[in-house]
Structure formats: C-alpha cells, structure tokens
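Observations on the three-dimensional arrangement
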There are 2 protein chains.
Amino acid sequence: MSEPLIVLCEPQMGENIGAVARAMLNCALTRLCLVNPRDGWPNEKAVAMAAGADVVLENAVVCANLEEALAGQHFVLATTARPRDMVKPILTPEKAIAVIEPRIHAGQQCAIVFGGERSGLSNDHLSLVDAIISIPINPQFSSLNLAQAALIMGYEWYRQSLSAKENGYIIPIDIHQPAPKEAMHHLFLHLEKALDAAGFFTTPQMRPNMVRNLRNLLQRSAATGQEIRSFHGIITALSKMGVAHNPQETDS
Amino acid sequence: MSEPLIVLCEPQMGENIGAVARAMLNCALTRLCLVNPRDGWPNEKAVAMAAGADVVLENAVVCANLEEALAGQHFVLATTARPRDMVKPILTPEKAIAVIEPRIHAGQQCAIVFGGERSGLSNDHLSLVDAIISIPINPQFSSLNLAQAALIMGYEWYRQSLSAKENGYIIPIDIHQPAPKEAMHHLFLHLEKALDAAGFFTTPQMRPNMVRNLRNLLQRSAATGQEIRSFHGIITALSKMGVAHNPQETDS
C-alpha cells in the first residue's frame, strides 16, 4: 500500500531518529528520508532506540538538502510549532491526513517534513512546502519532541487509512496532479536567475526575502507539469525582451 | 476545566512515568495517579524525563491498588493491546474520548487506566473498568510504550475538547450518573461474601474466574447509587433466606 514519505530535515540525535522509526512502524509507515543528519548515517544509537523497527532505518534514504528529498513528491506538508509570517494553508493533523490520504490513493507522492530538534524548519525550508501542519497542543507546555510529533501524524494516518479501507475510498474529483517538486524547484531557479539578470533585486539584502515570497506564491499555484512548462516559456520570452531593452524600463 | 484522571497501574520505570507526565501536560492533562509504582515514589528519573512537567509529578497521587485509585470515579476506561475473553465494550481512542468528554462536562469523574510496562492489565484489573480502549496500530509492530499510548489518548482528549469548546458542548441526554466506583466495589464484596456463605462456589479453583465474570456483569450495568442500594437489599434478603434453609436448595 502506498504511504506518505516521512522527511526529517537536519535531525541531530540518532536516538530521536530511532524513536521516530519506531513510531512510524507502529503506524505502518516505512518510508523515511533524512536530510543531512548531523551525526552521519548509519547511526548505532538510532538502531538501539528503534526497538526492532530496523526495516525503517535500513531503507532510510539520506539526502544533502530538502530540495533533493522532495524531488518526485507531488504534495508536501511540514509540521511546525511556530506560526510564520507566510501565506500558506495551516492544517490540523486530522485535516492534513484527510488531504493527503485521497491524493496517495490516487497515486500521488506525498511527504510530511519534520524540522530538526533545535531549530525546526527555516522560512527557506517552508517556502518549499504546500501547507503547514500545526499540532494542537497545550500552549503552556508545547515542547513536543520529534518522535511525539511523528507518532501523532502516524496515528492520524493509520486511523484514517483504516477507516477509509472500511468505508471505501472517496477520491474527491477536484484533485489534479501537481508537477513533481523538482520541476517546481527548476522553475524557481529559472525565474530567480532571470530576475537577477534583469536587475530585479535592487539590493542584495532584499533578495532572500523576496525569493521566499515568490517561491511561496508559485508553490501555492500547485502547478501541473504543463503549466510549469508554460511558465518557463514566459520567463524565457520575457528575458529575451529584457536583453534588448533597459531592464529598468521592462520592469516598470 | 475538568479532565480525566490518568491512572498508571503498577508502572515499573521512573523514566516512563516521567515521559507520561510530559505527554500529559502537552495535552493539558494534569491529574496522575500511580498504583503501587515498583521503584517507589517520588522518583528522580521520572523528574528528569518529565522535561519540565513537574507539576504533574508533584500532584501525583499514589495508591496501593486499583480499587483505591478508582474510588470516586464514575466511569473508567482501560487501554489494553490484547483482546480478552470478556464481554466489555471495546472503543477506539477517538470513540473513548467522545464517550467521556460529555460525561466530564456533565460533572462526572472519568479515568483512563494504563497497565505496567511488562505485564499490562490483568483480568482482575479489567473487571473493574467499564470499557476497553484498543489503540489502532500496525499488527506487525504493535509495541507501543506507555508514554506513546498516553500521548495518543491525550492528543484525542485535547483535540476533541478544543473542538467541543469551539463548536459548543453537546451533552447527550441519556447520560445517567453511575454510582462512584467504591460503591460498586462494596457491592462486589457483599455479593461474593454472600455467595461464599451460600456455598455457591463448589470448588475454590472456579472461584476467581466466576468472580471476574460476575464483576464484569455488574460493571456493565453502570448502576446508579439507588440501584446499588437495591442490590444490597436483595443480597441481604436472599442471604437471610439462605440462613434458614439448606443453601443447596435455595441455590437451585
């Protein structure tokens, strides 16, 4: 059966990776991806804490960065405790699984991203995801560890996929297939390069924030492969115009 | 706000008690009861693992046995992984909270019991509870630890109590107030003593199992205080008859 990919982005302690693997397998989740784990991989402490969930650790994929981890994914969610200054849907765990379950059943690749223990996910990381999951928790004591957060998402997955199996799958007809994430990442780079060449970023200081805002905006479009190809065409066409003109003029 | 009492029945490692306290406070649960903790109480390892949830540990109540822990409770659920040969409702975590949430809002005391790490809950323990909670979990890897089980129940509690707050409480009108558990326990003892005197148990070997079956049956009645007083009256009346007659004859 198909299932979401669990991505740990820059995890630190092997013990926590092992505890996540255990919680995953408890909920019949087996696909784990580690982005740049601090203490290297494989990790003996992870094996000790996995308490028998070795199959999850053995099949774990290690990636250098989040873009690489998300290549091939169609829809990506990230858990984060802190609300960010960002226009992105915020879902409860229940709603998040209700959104990905029918997508997965329709053959799409979906991922759930968890940040590292200390610093969580940066705004750059979040600009690569479609929606944010906020786990409802006591605001006076909200320090959930990595394995607890993974268990809650896994529990919702297992609960809802059992119930879908029992009640029959309902696939909403309005789910279109977004392009895999690497196509979106290429589009980001193409656009940003074109904007650099066009002198769009008037100061280097403003660039990172503007790039994030643009990425979030494009991300929200959930564009199909065809739409992304059209976007590339537009950027190329505009860039060629820009070469012949003064960029200051074409920008206005 | 009122909340369920969390009862750990014969827990072993202090670390696990601490991890439960942390998971509880994450979900705004603060009332913990420990039945006969193996390593005594207070316990330094529990404090270390609680990661700041000290208030839960400091207010924890220690009891000698499960009957004592459940005195004053009106409705009691127990989590157990193993299906038992016992006529008792089995609920999912979602349904379990849906059952106790309106009871608590109506002023009833409700408890959730978790067994110890190694042996879980015995059939004698289970004969004291109203219903069983079975957490849906991968049957190929179903070793949930104590804190994970507590987190899932806490998460369901927090999620549903938030939602009840937002949507308005709905109290089903058919919730009657069962007698507190100590009244039920007294009834058990009265009946069993009367049955002993009447020679009801023909061999000592059969007694424990028959006692459990009777307790489960009475438990299912969820009797009110008035109904329990009537039961006592019936037992007393029948016992008096038995004194005058041959017990063998009155029993047939």
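Summarised in this report is the structure supplied together with it. (Residues numbered from 1 in each chain as written. Chains lettered and ligands numbered in written order. Predicted model: local features only at pLDDT ≥ 70, side-chain atom pairs only at ≥ 80, totals over all residues. Heavy atoms only, no water.)

Let us look at the nonpolar core. Counting residues in each nonpolar core, the largest one holds 88 residues, and the members touching the most others are L8, L32 and F114 of chain A together with L8, L32 and F114 of chain B. Those residues in contact with L8 of chain B that sit more than four places away from it in its chain are I17, V20, L32, C33, L34, V35, F114 and L146 of chain B. (Core = buried A, V, L, I, M, F, W, Y, C linked by side-chain atoms within 4.5 Å. Buried < 20%, exposed > 50% of the residue type's maximum accessible area, 1.4 Å probe, protein only. Contact = heavy atoms within 4.5 Å.)

Glancing now at the sheet that holds strand β5 (residues 90-91) of chain B. Backbone hydrogen bonds hold the strands of a sheet together, and the pairing may be parallel or antiparallel. All names here are of chain B. Read across the open sheet, the seven strands follow the order β3-β2-β1-β6-β4-β7-β5; overall the sheet is parallel. Where the open sheet ends on each side, the last strands, each with one partner, are β3 (61-63) and β5. The strands touched by helix α7 (residues 146-167) within the sheet are β1 (5-9), β4 (75-79), β6 (110-115) and β7 (131-133), with β6 carrying the most contacts at an inclination of about 155°. (Pairing = 2+ DSSP bridges. Helix = DSSP H or I, 4+ residues; strand = E, 2+ residues; numbered from the N terminus. Axes fitted to C-alpha atoms, helices over the stretch in contact; angles between N-to-C directions.)

Residues and elements named next belong to chain A. Alternating positions in strand β2 (residues 32-35) separate into two faces, L32 and L34 on one and C33 and V35 on the other, with burial throughout. Pairing of strand β1 (residues 5-9) with β2 involves four bridges; the strand directions are parallel. Looking at the pairing, I6 lines up with L32 of β2. As for the winding sense of the linkage, the β-α-β connection from β1 through helix α1 (residues 14-26) to β2 is right-handed. (Right-handed = clockwise from strand over helix to strand, strands pointing away.)

With that out of the way, let us pick up the relation of the copies chain A and chain B. Superposition of the two copies of the chain requires a rotation about an axis together with a shift along that axis. At an RMSD of 0.1 Å, chain A and chain B line up after a rotation of 180° and a shift of 0.0 Å along the axis. What we have between these two chains is a two-fold relation. Interface overlap between copies is the fraction of interface residues in one copy that are interface residues in the other; for chain A against chain B it reaches 100%, indicating a shared surface. (Least-squares fit on C-alpha atoms with pLDDT ≥ 70 in both.)

All names here are of chain A. Counting through the fold element by element, R215 comes out in helix α9 (residues 207-221). Note on R215: relative accessible area 12%, which makes it buried. Of the polar contacts made by the side chain of R215, one reaches the side chain of E192; its length is 2.8 Å. Setting aside residues no more than four positions away along its own chain, R215 makes contact with E67, S127, L128, F188, L189 and E192. (Polar contact = N/O pair within 3.5 Å; in protein donor to acceptor, adjacent residues only side chain to side chain.)

The interface is formed by 29 residues belonging to chain A together with 29 residues belonging to chain B. Across the chain A to chain B interface the summed buried area is about 2400 Å²; carbon plus sulfur atoms make up 58%. Of all residues in chain A, the largest losses of buried area upon contact with chain B belong to N26, F141 and Y155 of chain A, amounting jointly to 29% of the total for that side. Applying the counting rule to chain A against chain B returns four salt bridges. Between R159 of chain A and E94 of chain B there is a salt bridge, with its nearest N and O atoms 2.7 Å apart. At the boundary of chain A and chain B, one finds 16 residue pairs in polar contact (both at pLDDT 80 or more). Elements supplying a minimum of two residues to the side of chain A that touches chain B: α1, α5 (93-105) and α7 (146-167) of chain A. Counting residues per element, the side of chain A that touches chain B draws most heavily on α7 of chain A, at eight residues. For the side of chain A that touches chain B, the per-class residue count stands at 18 nonpolar, seven polar and four charged. (Buried area = accessible area lost by both parts, 1.4 Å probe. Salt bridge = Lys/Arg side-chain N within 4 Å of Asp/Glu carboxyl O. Nonpolar A, V, L, I, M, F, W, Y, C, P; charged D, E, K, R; others polar.)

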